[in-house]
Amino acid sequence: MSEFGKRGIRVVGVSVDPVAVSRMLGEKAGLTFPLLSDPEEKAIRPYDLLHIQGGPKGVDIARPAEFLIDPTGTVRWVNLTDDVRVRARGDQVLRTADRLGLGARP
């Protein structure tokens, strides 16, 4: 996480869960970045991130995804999956940011 900060790249998470649940999940996981709540799916749906019945007991969840968004708000890179265990590694995201010229290199 410190390498993202050094480069001026801000990391945030977005969940379909209510604020209290997102807060609890973030604390339990030891997240050091904000976990935002989008229970009305206003940001999740336009990015095709709703995984219908993908969670425990068939509840809707946000699909695991990583985005690199430039300062103008343009999505420059997306990594999507339906498996919560499959994520882009931090070093992969940083290499991609470098390749796209996003963030300041230390």
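Here the structure is shown first, and the text comes after it.
Quick caveat, the model's predicted, so the values are computed rather than measured.

Q: An account of unusual backbone geometry is requested, with residue identities and associated values reported.
A: Even without a glycine there, the phi angle at Glu 41 is positive, about 60°. By the element assignment, Glu 41 lies in the loop between strand E2 (35-37) and strand E3 (50-51).

Q: Residue-level account of the layout of surface pockets, with values.
A: The volume enclosed by the largest pocket comes to roughly 1600 Å³. Considering the residues around the largest pocket, the lining is formed by 45 residues, among which Val 12, Gly 13, Val 14, Ala 65 and Glu 66 are closest to the centre. Those elements that provide at least two residues to the lining of the largest pocket are strand E1 (13-15), helix H2 (19-29), E2, strand E4 (61-62), strand E5 (65-69) and helix H3 (90-100). For the lining of the largest pocket, the element with the highest residue contribution is E5, accounting for five residues. Here the lining of the largest pocket is built from residues that sort into 31 nonpolar, seven polar and seven charged.

What counts and what doesn't
- Residues numbered from 1 in each chain as written.
- Predicted model: local features only at pLDDT ≥ 70, side-chain atom pairs only at ≥ 80, totals over all residues.
- Heavy atoms only, no water.
- Helix = DSSP H or I, 4+ residues; strand = E, 2+ residues; numbered from the N terminus.
- 1 Å grid on protein atoms, 1.4 Å probe; cavity = no way out; pocket = protein on both sides within 12 Å on 5 of 7 lines; lining within 4 Å.
- Points joined across faces, edges and corners; volume = space filled by probe spheres on them.
- Nonpolar A, V, L, I, M, F, W, Y, C, P; charged D, E, K, R; others polar.

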